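So you can see what is in the structure, the chains are spelled out below.
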Amino acid sequence: IYLKGNFGVYGDFSQGVRDDVLLGENFVIGKQKQNVSCLITDGFPFFSGDITLTQTLNIENVDSKLVIDKRFHLISVKVNGNKVGDMMFSSELDLSDYLKKGENELEITLTVGNRNLLGPFHTQDQEDFSIGPYSFERLGTWKDGKSSILRESYSFVKTIL
């Protein structure tokens, strides 16, 4: 079942084995937050689609680049309402031609894929880098309704936020 709407999904989160993995459990639905610093912990752990984030920056040096060295699918960037470009295969984008000294509005639109919806999510490795039919089966590992190789908590892979 997929639920769509203007709400957030919140839970108890802990750090996974790597910096870009969070573990979550005890999920509840609540009011959507307006300020987001992490998509997963701020109500969007299962989000898939486009989400636009804005921030006002005070710039002294207009010769600047946007550098994002975290994982992401696609980022579309605007500065002061002007389209700068898209980031997909590069971790930086030159903003120099679009910035002015003083206050600037940076708008980024993240295209987030289905990674946190498609699974498998409960493995000991916390993020499987290859998936096949047997990734979900766990044949021979079940006893009394539990699998010896699965965790109760759900694994999320963080994007840039």
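Quick summary incoming for the structure in this document.

Rules behind the numbers
Residues numbered from 1 in each chain as written. Predicted model: local features only at pLDDT ≥ 70, side-chain atom pairs only at ≥ 80, totals over all residues. Heavy atoms only, no water. Pairing = 2+ DSSP bridges. Helix = DSSP H or I, 4+ residues; strand = E, 2+ residues; numbered from the N terminus. Axes fitted to C-alpha atoms, helices over the stretch in contact; angles between N-to-C directions. Core = buried A, V, L, I, M, F, W, Y, C linked by side-chain atoms within 4.5 Å. Buried < 20%, exposed > 50% of the residue type's maximum accessible area, 1.4 Å probe, protein only. Phe/Tyr/Trp six-rings, centres within 6.5 Å; stacked < 30°, edge-to-face > 60°.

### Side note on the sheet that holds strand 2 (residues 21-30)
Logical step 1: The 3 strands are arranged 1-2-11 in an open sheet whose pairing can be described as antiparallel. Each of the sheet's edge strands pairs with one partner strand only, and the pair in question is strand 1 (8-15) and strand 11 (154-157). Looking at each pair of strands side by side, their axes are set apart by 50° on average, direction ignored.
Logical step 2: Judged from the 4 bridges that link them, strand 2 and strand 11 form a sheet pairing that is antiparallel. Following the sheet pairing, Leu-22 is matched in strand 11 by Phe-156.

### Topic: the sheet that holds strand 6 (residues 82-87)
Logical step 1: Sheet architecture is open: 4 strands sit in the order 3-8-5-6, paired in antiparallel fashion. The two strands at the open ends of the sheet, each matched to only one other strand, are strand 3 (49-59) and strand 6. Each adjacent strand pair in this sheet contributes to an overall mean axis angle of 20°, direction not counted.
Logical step 2: Pairing geometry for strand 5 (residues 74-79) and strand 6, over 5 bridges, is antiparallel. By the bridge assignment for strand 6, Val-79 is matched with Asn-82.

### Observations concerning the nonpolar core
The tendency in soluble globular proteins is for nonpolar side chains to be buried as a group.
Logical step 1: If you look at the biggest cluster of nonpolar residues, it comprises 20 residues, and the most contacted ones within it are Leu-66, Ile-75, Val-77, Met-87, Leu-95, Ile-108 and Leu-110.
Logical step 2: Looking at which element gives the most residues to this core, the answer is strand 8 (residues 102-112), with 4 residues.
Logical step 3: Grouped together as the second largest cluster of nonpolar side chains are 5 residues, Leu-22, Cys-38, Ile-40 and Phe-156 included.

### Quick look at unusual backbone geometry
Logical step 1: Non-glycine residue Asn-80 carries a positive phi angle of around 50°.
Logical step 2: Mapped onto the elements, Asn-80 comes out in the loop between strand 5 and strand 6.
Logical step 3: A residue is classified by how much of its surface remains accessible, and Asn-80, at 29% relative accessible area, is partly exposed.
Logical step 4: Residues other than glycine seldom take positive phi values, yet Asp-144 does so here, at roughly 55°.

### Focus: the environment of Leu-150
Logical step 1: Position of Leu-150 among the secondary structure elements: in the loop between strand 10 (146-147) and strand 11.
Logical step 2: Looking at Leu-150, the relative accessible area reads 25%, which means it is partly exposed.
Logical step 3: Leu-150 sits 12 residues away from Arg-138 along the chain, and the two C-alpha atoms are 8.7 Å apart.

### So, the environment of Leu-66
Logical step 1: In this structure, Leu-66 sits in strand 4 (residues 65-67).
Logical step 2: Using a relative accessible area of 14% as the deciding quantity, one classes Leu-66 as buried.
Logical step 3: In this structure, the C-alpha to C-alpha distance between Leu-66 and Leu-139, residues 73 residues apart in sequence, is 47 Å.

### Observations concerning the packing of aromatic side chains
Logical step 1: Summed over the entire model, instances satisfying the criterion amount to 6 aromatic pairs.
Logical step 2: Relative to Phe-156, the ring of Phe-27 lies with its centre 5.9 Å away and its plane at 85°, an arrangement referred to as edge-to-face. Taken as a pair, Phe-27 in strand 2 and Phe-156 in strand 11 lie far apart in primary sequence, 129 residues in all.
Logical step 3: The exposure class of Phe-27 is partly exposed, given its relative accessible area of 32%.
Logical step 4: Residue classification places Phe-156 among the buried residues on the basis of a relative accessible area of 0%.
Logical step 5: For the ring pair Phe-46 and Phe-156, a centre distance of 5.2 Å and an interplane angle of 70° mean the geometry is edge-to-face. Pair noted here: Phe-46 is in the loop between strand 2 and strand 3 and Phe-156 is in strand 11, with a separation of 110 residues, a long-range link.
Logical step 6: Grouped by ring-pair contacts, the aromatic residues Phe-13, Phe-27, Phe-46 and Phe-156 constitute a single cluster.

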